[in-house]
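Here is how the chains run, residue by residue.
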Amino acid sequence: MTQEVYSINSKQRIFLLFLIFVLADLVVINLFDEYAREYFYLESFTDSIFMALILQILLKFTIQIEHKIGNFFSSKTGSVNLIGRILVTWALLFGSKIIMMLVIDIVLGDGIQYFGPYHGLGIFILIIISIIFTEIIFKKIFFFFIRLKLYKLLIIFYKSISL
């Protein structure tokens, strides 16, 4: 009997992280929908799935742009470049939240509503911050499983119940 070797390649790792992050986003979004209904309302669970997918794609795109800006400014020295990097990064990160909010509003239409100061921008930014912290926690847990090769236990468990 030969022993099977289980490993996760980089494409599988990216897919798993994307899936984990979308599910984490889904949990955060639905918790806000459930417990902060006076500030944030989703019409259906399907809307929250679309919102989680859109946010995940737009957040990753924003992070890539931020890294490119950081690389551009890191090659330069001086306080003017440091201030420029801070201002441009802040403008990108803040402006991207408004763009994300508009894209979600266009896609979901009346299925999503924000209430509160600045037409709900405050609650939207709070949702994004919560999503980012949740993703950080889930990413640490994911890489903990990978480092200790605990995913092999899950594979063995899955194979044992699927027979």
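Residues numbered from 1 in each chain as written. Predicted model: local features only at pLDDT ≥ 70, side-chain atom pairs only at ≥ 80, totals over all residues. Heavy atoms only, no water.

Report on the side chain of Asp25, specifying residues and quantitative values.
By the secondary structure assignment, Asp25 is in helix H1 (residues 10-35). Of the side chains bearing the opposite charge, Lys60 lies closest to the buried Asp25, which forms no salt bridge; the N-O distance is 7.2 Å. Other than its neighbours up to four places away in sequence, Asp25 contacts Ala52, Gln56, Ile131 and Glu135. (Helix = DSSP H or I, 4+ residues; strand = E, 2+ residues; numbered from the N terminus. Buried < 20%, exposed > 50% of the residue type's maximum accessible area, 1.4 Å probe, protein only. Lys, Arg positive; Asp, Glu negative; His and termini not counted. Salt bridge = Lys/Arg side-chain N within 4 Å of Asp/Glu carboxyl O. Contact = heavy atoms within 4.5 Å.)

Go over the confidence of the model for the protein, please, and point to the residues and values.
Confidence in the prediction for the protein averages 84 pLDDT; 90% of positions are at 70 or higher. When pLDDT is averaged over each element of the protein, strand E1 (residues 40-42) comes out on top at 91 and helix H5 (residues 151-161) at the bottom at 69. (pLDDT = per-residue confidence, 0-100.)

Quick rundown of the nonpolar core? Include the residues and the values.
Core analysis: the biggest nonpolar cluster contains 26 residues, and Ile29, Phe40, Met51, Leu55, Ile104, Tyr114 and Phe124 have the highest contact counts within it. Those elements that provide at least two residues to this core are H1, E1, helix H2 (45-74), helix H3 (79-108), strand E2 (112-114) and helix H4 (117-147). Ignoring sequence-local partners within four residues, the contact set of Tyr114 consists of Tyr39, Phe40, Met51, Met101, Ile104, His119, Gly120, Ile123 and Phe124. Listed in part, the five residues of the second largest apolar core include Ile8, Leu17, Phe21 and Ile146. (Core = buried A, V, L, I, M, F, W, Y, C linked by side-chain atoms within 4.5 Å.)

Give a description of the pattern of salt bridges that names residues and reports values.
In this structure the tally under the stated criterion is two salt bridges. Asp33 is paired through a salt bridge with Arg37; the nearest N and O atoms lie 3.4 Å apart. Since its relative accessible area comes to 9%, Asp33 is described here as buried. For Arg37, a relative accessible area of 39% gives the class partly exposed.

Go over the packing of aromatic side chains, please, and point to the residues and values.
With the rule as written, the count across this model stands at four aromatic pairs. For the ring pair Phe40 and Tyr114, a centre distance of 5.7 Å and an interplane angle of 35° mean the geometry is tilted. In this pair, Phe40 is assigned in strand E1 and Tyr114 in strand E2, connecting sequence segments 74 residues apart. A residue is classified by how much of its surface remains accessible, and Tyr114, at 13% relative accessible area, is buried. Look at Trp90 and Phe94: their rings are 5.3 Å apart centre to centre, the planes differ by 0°, and that puts the pair in the stacked class. Taken together, the positions of Trp90 and Phe94, both in helix H3 and four residues apart, correspond to about one turn of that helix. The exposed category is assigned to Trp90, whose relative accessible area is 56%. (Phe/Tyr/Trp six-rings, centres within 6.5 Å; stacked < 30°, edge-to-face > 60°.)

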